[in-house]
Amino acid sequence: MRLTQHPILEFDRGREIEFEFDGRKLLGFEGESIAAALHANGIRVFRESIKRKRPRGFFCAIGRCSSCLMTVDGIPNIMTCVTPLKEDMKVETQRGKGAILLTESFSPGSRPTEARRGAKDVATVSLAIVGAGPAGLSAAAYAGRMGVETIVIDENDVPGGQLIKQTHMFFGSREHYAQIRGIDIGDELIANLSGLPVKLMLGTTVLGLYPDRTLSLLANRRHIELRADAVILATGASENMLAFENCDLPGVYGAGAVQTLMNVHGVVPGKRVLMVGAGNIGLIVAYQLLQAGVDVAAVIDAAPEVGGYHVHAAKIRRAGVPILTSHTVQRVTGPDRVESAEICRVDDHWQPVPGSERTLSVDTVCLAVGLTPNCELAFQMGCRETYVAELGGPVAAHDPDLETSISGVFIAGDASGIEEASTAMIEGRLAGLAAAELLCREVDREELKRLRSEATSSLKTLRAGPFGATAREGKRKMFKVGS
Amino acid sequence: MKDDVIICRCEDVSYGEIVEAIDSGLTTLEELKRVLRTGMGPCQGRTCSRLIARIITERIGGEVADMKPLLDRPPTMPVEIGILAGASDED
Amino acid sequence: MNHRRDGILRGEGLRRLSPPPARLKAGPVVVIECVESIPCNPCVQACPKGAIIIEGDINNTPTVDYDKCNGCGLCISACPGLAIFVVDASRSDGVGVVVLPYEYAPLPEKGEIVSALNREGEAVCDALVVRVINTKALDRTPLVSIEVPVEHVMAVRHFRRRGDRS
């Protein structure tokens, strides 16, 4: 179902177009993701899994998993969650792994001709920043103002990272963009770049990062090699999965995916949702679901206490949504999509309490069970890895300047440890300054020192309270080990 | 957990299959990947690695923190070989 | 039960953030239901009277100088946590007013009867919508004033429009 009214958002939909799904004519909007268009038409099953032929649908919404792979215009394995819809597209349910296409231009035995080969583009830049979210854009603004020629690369067509889905106001004080909605902060961060030597390279995926700081990029189906003197990785985080019976059934979605569907595409994920996870993400997305007119059956969390801010919990409680701590989801059921979820209480040892099972009639289960930093590019190039549970698991070891074990390679934001967007922005500034110090021979040392101490004290303030304790402890462990 | 719970959704590998493999002596993510293909599908283990690491510690003890993660290699995303080779759509 | 168990403020925690009874009877006044140390201070800057104070570190919770607060409500939509309300228990006709932030669509109409809800989302009483403000300055956090029996001004924190799903 499509949202027609929303208290915060207006949906700027493209042209209404026709496309085909398994031979049926459907309507969608040009440029929205294929997955969103199908969802809006009530279609939840996108493919059959490769061995067990289990129904699969939308899941991560960021082109990371395999759930939404479909055959589009004859080409199998298309990630429909990130592929824009075009007029007259032929979208088909994919069964199995998808057949290899044997076309005239690429048949067994044929070789690319000379003219078609070696068309590799090579570019160089002083600083390459991977990720145009809060950390990456802040890093670009600070490196840029110190005079560093910078390219920011992001696989999405729109900059802002997760900010583009955040309809709530941020906490903090003025310097942390407090009282401004996430969706508007992204615009401010972009505006901050004007007049600076910073270029955005959107719709571009980093396929690889090599020890000599060469990035292998994929843009518009072309392979580009980018050589950088320094790299800042601001690649964010991935959502954690939870295993339970039928957890792969269409209707079990990540919280970020639900936000994308609802707040970017204006398509509601279902009619009635069970939210798993009472941290800030779970509480905020539950509230956003209510704002979109979706019923939230309950927010559950295996922990004995609400993990997120009380003010976020209070908003959904007064709207009548129960928060059940010490509860978990045991199974979802339905023939090819979620029709109900069974929850139960857990004891002090996280074990299900027999007899406490309850079935909720829901068509969607939303998972907000934590994040893992995206450090794969750092690990690919050989940055030293450290496991810090408080930061979300395996992270690239880094020092207080956010520099990894490889000189000239920095990591900032959720990629350096899971925190809030407000801390990600400050970390980005610090990484941008550190990169500038490394790259510029004639950098204004006084200004750099001033900005760095400003950012450091800001970070300290943001992490000072009880909710900053985990990150504080995580960073303390990290800096003790050293990069 | 029930044996038929899907842990690796790319390669359709169940909890039961993983437990059986661990009990047969495969106790690292890399070993399990080579035998069961967990982490070899389009998501490259992004969805299941954390779950599998936990299952390993539940079966044989130890800490997730000490477990060697899967090796990260380029490319990060599935990409057609022709594009890597420099072929383009225009010509 | 502690509010961290289920997200509900009650008992002593709730009493501590209530304005003194005499102040409640004197005219509209702010109630700030912000009990945790989080780094946040827009409410302080929003108050033209300097009635909201966060001492020292911005992680400290706000306190209200009830002599300075005139219940203007400028702080309500400034609070990122939607945790600020204005209550008026000063009238002699037994009717109280609760001003609350309401980020749902569509907005209620002035004169509409709605169902007033408490902190647990339970219906407490009927309420009359007496004012709806949705100016640009409020940045999509509209303020809705509802009339309820005066004894419920410290209980009512939300409302449901009739016809909306419960």
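Anything mentioned here points back to the structure above.
Summarised in this report is the structure supplied together with it. (Residues numbered from 1 in each chain as written. Chains lettered and ligands numbered in written order. Predicted model: local features only at pLDDT ≥ 70, side-chain atom pairs only at ≥ 80, totals over all residues. Heavy atoms only, no water.)

## A short note on the overall build of chain C
- Secondary structure summary: chain C contains four helices and nine strands in total.
- Sequence-ordered secondary structure for chain C, helices as α and strands as β, is α-α-α-β-α-β-β-β-β-β-β-β-β.
- Here the C-alpha atoms of chain C give a radius of gyration of 15 Å, agreeing with the 15 Å that 2.2 N^0.38 yields for 166 residues.
- Here the C-alpha coordinates of chain C stretch approximately 45 × 40 × 35 Å along the principal axes.
- Looking at chain C residue by residue over its 166 residues, the buried ones come to 54%.
- A separation threshold of at least 6 residues defines the contact pool for chain C, and within that pool the share at least 24 residues apart is 59%.
- Surface summary for chain C: the accessible area is close to 7,400 Å², and the carbon and sulfur share equals 51%.
- Side chains of chain C carry 20 positive and 20 negative charges; the gap between the two charge centres is 1 Å. (Helix = DSSP H or I, 4+ residues; strand = E, 2+ residues; numbered from the N terminus. Rg over C-alpha atoms; globule rule 2.2 N^0.38 Å. Buried < 20%, exposed > 50% of the residue type's maximum accessible area, 1.4 Å probe, protein only. Contact = heavy atoms within 4.5 Å. Areas by Shrake-Rupley, 256 points an atom, 1.4 Å probe, with all protein chains shown as cover. Lys, Arg positive; Asp, Glu negative; His and termini not counted. Charge placed at Lys NZ, Arg CZ, Asp CG, Glu CD.)

## Considering helix H1 (residues 15-23) of chain B
Residues and elements named next belong to chain B.
- Of the positions making up H1, those classed as buried are Tyr-15, Gly-16, Ile-18, Val-19, Ala-21 and Ile-22.
- If you follow the buried residues of H1, they end up packed against strand E1 (6-8), strand E2 (13-14), helix H2 (29-36) and helix H3 (49-60).
- Gly-25, located one to two residues past H1, shows a positive phi value of around 115°.

## A closer look at helix H10 (residues 469-481) of chain A
All names here are of chain A.
- The end-to-end C-alpha distance of H10 is 18 Å, a good match for the 18 Å that 13 residues give at a rise of 1.5 Å each.
- Every buried residue of H10 is accounted for by Ala-471, Gly-474, Lys-475 and Met-478. Along H10, the residues classed as buried sweep out an arc of 95° about the axis, all on the same side.
- In this structure, the buried side of H10 is in contact with strand E25 (385-388), strand E26 (393-396) and helix H8 (421-439). (Expected span 1.5 Å × (residues − 1). Arc of directions from axis to C-beta.)

## What to know about the arrangement of the chains
- Of all two pairs of chains sharing an interface, the pair with the highest contact count is chains A and C.
- Nothing in chain B touches chain C; the tightest C-alpha to C-alpha distance between them is still 27 Å.

## Examining the side chain of Lys-315 of chain A
- Among the secondary structure elements, Lys-315 of chain A is positioned in helix H6 (residues 310-317).
- Once you skip the residues sitting within four places of it in the chain, Lys-315 of chain A turns out to touch Tyr-287 of chain A together with Pro-80, Gly-81, Leu-82 and Tyr-104 of chain C.

## Comments concerning the interface of chain A and chain C
- In this complex, chain A contributes 45 residues to the contact, which on the side of chain C involves 45 residues.
- Carbon and sulfur atoms supply 51% of the area that chain A and chain C bury against each other, a total of about 3,700 Å² over both sides.
- Interface area lost by chain A to chain C is led by His-310, Arg-317 and Arg-318 of chain A, which between them contribute 22%.
- Connecting chain A to chain C are four salt bridges.
- Among the ionic pairs, Asp-139 of chain C bridges to Arg-181 of chain A, the shortest N-O distance being 3.9 Å.
- Connecting chain A to chain C are 22 residue pairs in polar contact (both at pLDDT 80 or more).
- Counting residues per element, the side of chain A that touches chain C draws most heavily on H6 of chain A, at six residues. (Buried area = accessible area lost by both parts, 1.4 Å probe. Salt bridge = Lys/Arg side-chain N within 4 Å of Asp/Glu carboxyl O. Polar contact = N/O pair within 3.5 Å; in protein donor to acceptor, adjacent residues only side chain to side chain.)

## Overview of the interface of chain B and chain A
- Counting residues at the interface gives 40 residues for chain B, matched by 48 residues for chain A.
- For chain B, the biggest contributors to the area lost against chain A are Arg-9, Asp-12 and Arg-50 of chain B; these three give 18% of the whole.
- Between Glu-80 of chain B and Arg-221 of chain A there is a salt bridge, with its nearest N and O atoms 2.9 Å apart.
- Inspection of the region where chain B meets chain A yields 16 residue pairs in polar contact (both at pLDDT 80 or more).
- Contributions of two or more residues to the side of chain B that touches chain A are made by E1, E2, H3 and helix H4 (81-84) of chain B.
- Looking at the side of chain B that touches chain A, its residues break down into 21 nonpolar, five polar and 14 charged. (Nonpolar A, V, L, I, M, F, W, Y, C, P; charged D, E, K, R; others polar.)

## Considering the side chain of Thr-38 of chain B
Residue and element names in this part refer to chain B.
- You can see Thr-38 is positioned in the loop between H2 and H3.
- A residue is classified by how much of its surface remains accessible, and Thr-38, at 3% relative accessible area, is buried.
- Once residues within four sequence positions are removed from consideration, Thr-38 is found in contact with Cys-8, Val-13, Ile-18, Leu-32, Lys-33 and Ile-52.

## What to know about the pairing of E26 of chain A
All names here are of chain A.
- Examined bridge by bridge, E25 and E26 share four bridges and lie antiparallel to one another. Opposite Thr-386, over in E26, you have Val-395 as the bridge partner.
- Hairpin connection between E25 and E26: a loop of four residues separates the two successive antiparallel strands, and Gly-392 in this loop has a positive phi of roughly 110°. (Pairing = 2+ DSSP bridges.)

## Description of the sheet that holds strand E21 (residues 340-345) of chain A
All names here are of chain A.
- The strand order across the open sheet formed by three strands is E20-E21-E22, and the pairing between neighbours is antiparallel. The open sheet has two edge strands, strand E20 (327-333) and strand E22 (358-360), and neither has a second partner. Going from strand to strand, the sheet's axes swing by 30° on average, the running direction of each strand aside. (Axes fitted to C-alpha atoms, helices over the stretch in contact; angles between N-to-C directions.)

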